[in-house]
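# Commentary on secondary and tertiary structure
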Amino acid sequence: MPFKFYTKIGILTIIFIFAFISCKKEDKLEQNIAKIHVDINVERFDTLFANVTSNNLPKLKEAYPFMFSKRYPDSFWIEKQKDTLQAELMHEVNRTFKDIDAVENDIELFYKHLKYYFPESNTPRLITITNDVDYRNKIIVTDTIALLALDCYLGKDHEFYAGIPKYLRTNFTKEHIVVDLADAYAKKNIYQDKNKTLLDEMIYFGKQLCFKDAVIPFKSDAERIGYSQGQLDWAIANESDIWRFFVKRELLFSTDSKLLGRFINPAPFTKFYLEEIDADSPGRLGQYIGWQIVRAYLNQNDVSLKDMLITSTEDIFNNSKFKPRK
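Remember, it's a predicted structure, so these values are computed and weren't measured experimentally.

Within this structure, the stated rule accounts for 26 aromatic pairs. Ring geometry for Tyr 111 and Tyr 185: centres 5.7 Å apart, planes at 90°, overall edge-to-face. Taken together, the residues Tyr 111 in helix H6 (residues 101–117) and Tyr 185 in helix H8 (residues 177–189) connect sequence positions 74 residues apart. Of the two residues, Tyr 111 and Tyr 185, neither departs from the other in class, the shared state being buried. On the basis of an interplanar angle of 85° and a centroid distance of 5.0 Å, the ring pair of Phe 245 and Phe 272 is categorised as edge-to-face. One end of the pair, Phe 245, is in helix H12 (residues 239–248); the other, Phe 272, is in the loop between helix H13 (258–263) and helix H14 (285–300), and 27 residues separate them in sequence. Through successive ring pairs, a cluster of aromatic residues spans Phe 45, Phe 49, Tyr 64, Phe 66, Phe 68, Tyr 72, Phe 76 and Trp 77. The lysine or arginine in question, Lys 174, covers the ring of Phe 97, its NZ or CZ lying 5.3 Å from the ring centre. A cation over a ring is seen here: Lys 271 above Phe 269, with NZ or CZ 5.6 Å from the ring centre.

This is the structure in structure tokens:
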């Protein structure tokens, strides 16, 4: 009995030491990243356009030529600016984003982390816009420009989103802007052959989420995957059962496209077709399990973030030694 007691004490001490060393490494990493200089200036094109007149429109077009299609005459833009719906949109954006400092700070932190992992990356011009609540294009990123549609981040219960399903608008908040920005960069940096199986899709989204682990560590796990804390807790508590479900039904290597709608795509819940759990489950649990597999791969292998993003599904899965939490 005493031997077992002291053995447990010894194991706990070792665990504590490793945890302490790991925390020190993370602190050192964040200190190094904090020293990286990035020049962040969020340009409020939305505000400039809201105040445009026929006199100053030419100057605005000169500064932002990519925002004005040459197919339309100046009169079109003036009429658009005076439109009552556009005015209401701008009023709500100005009310929510009077102060954009917190968003700008998050964005600066993101680009510092991105620069650390991808030193060759450029920091683009960051430009805020409105896009008539086109929530499928909230963030648009190119090598030189990043467009942020602020009218898609007015709060999940805003009246403008009344016709949008609740499970989609839950992350229409200003705090989620940097998460969507990181997601856009993840897609730019992931190389993966055309996805064929459910596991391919799971690993693809697992890569996206691990990319976000690295570049927005100041956001919680729940925020990075777009879950509420309760939904994340459910996924963690049921991780072993979810994995067993995939394995027993031989779904991992299935090419059935219907599986995407059940386990990968945004949805109010995951469709196990089990009455006792479907209603309680969050959607996209295939993405969640893919995240845990890629995390396990990174923990088991000495591989950089950049290399992981271009590693094949087969290599990640075979070398992850993934075991679900029980």
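The next subject is the environment of Gln 208. Within the secondary structure, Gln 208 is located in helix H9 (residues 198–215). Taking C-alpha positions, Gln 208 is 9.5 Å from Ile 225, a pair spaced 17 residues apart along the chain. Setting aside anything within four residues of it in sequence, one finds Gln 208 in contact with Asp 183, Ala 186, Lys 187 and Ile 190.

Here the structure, examined in full by the defined rule, presents 18 salt bridges. For Asp 213, the salt bridge is made with Arg 224, and the minimal N-O distance between the two is 2.8 Å. One end of the pair, Asp 213, is in helix H9; the other, Arg 224, is in helix H10 (residues 221–225), and 11 residues separate them in sequence. By relative accessible area, which is 17% here, Asp 213 ends up buried. Residue Asp 221 pairs with Arg 295 through a salt bridge whose shortest N-O separation is 3.0 Å. Here Asp 221, found in helix H10, pairs with Arg 295, found in helix H14; they are 74 residues apart in sequence, far enough to count as distant. Salt bridges sharing partners connect three or more residues here, namely Asp 213, Asp 221, Arg 224 and Arg 295.

Right, let's get into the nonpolar core. Of all hydrophobic cores here, the largest spans 93 residues; its most connected members are Phe 110, Tyr 111, Leu 181 and Phe 246. In terms of residue count, the dominant contributor to this core is H9 (11 residues). If sequence neighbours within four positions are ignored, Leu 181 has contacts with Ile 107, Phe 110, Tyr 111, Ile 139, Val 141, Ala 146 and Leu 148.

A few words on the sheet that holds strand E1 (residues 42–43). Overall, mixed pairing links the four strands, which are arranged E1-E2-E4-E3 in an open sheet. Each end of this open sheet is capped by a strand with a single partner; those strands are E1 and strand E3 (139–141).

Criteria and cut-off values
Residues numbered from 1 in each chain as written. Predicted model: local features only at pLDDT ≥ 70, side-chain atom pairs only at ≥ 80, totals over all residues. Heavy atoms only, no water. Phe/Tyr/Trp six-rings, centres within 6.5 Å; stacked < 30°, edge-to-face > 60°. Helix = DSSP H or I, 4+ residues; strand = E, 2+ residues; numbered from the N terminus. Buried < 20%, exposed > 50% of the residue type's maximum accessible area, 1.4 Å probe, protein only. Lys NZ or Arg CZ within 6 Å of the ring centre and 35° of its normal. Contact = heavy atoms within 4.5 Å. Salt bridge = Lys/Arg side-chain N within 4 Å of Asp/Glu carboxyl O. Core = buried A, V, L, I, M, F, W, Y, C linked by side-chain atoms within 4.5 Å. Pairing = 2+ DSSP bridges.

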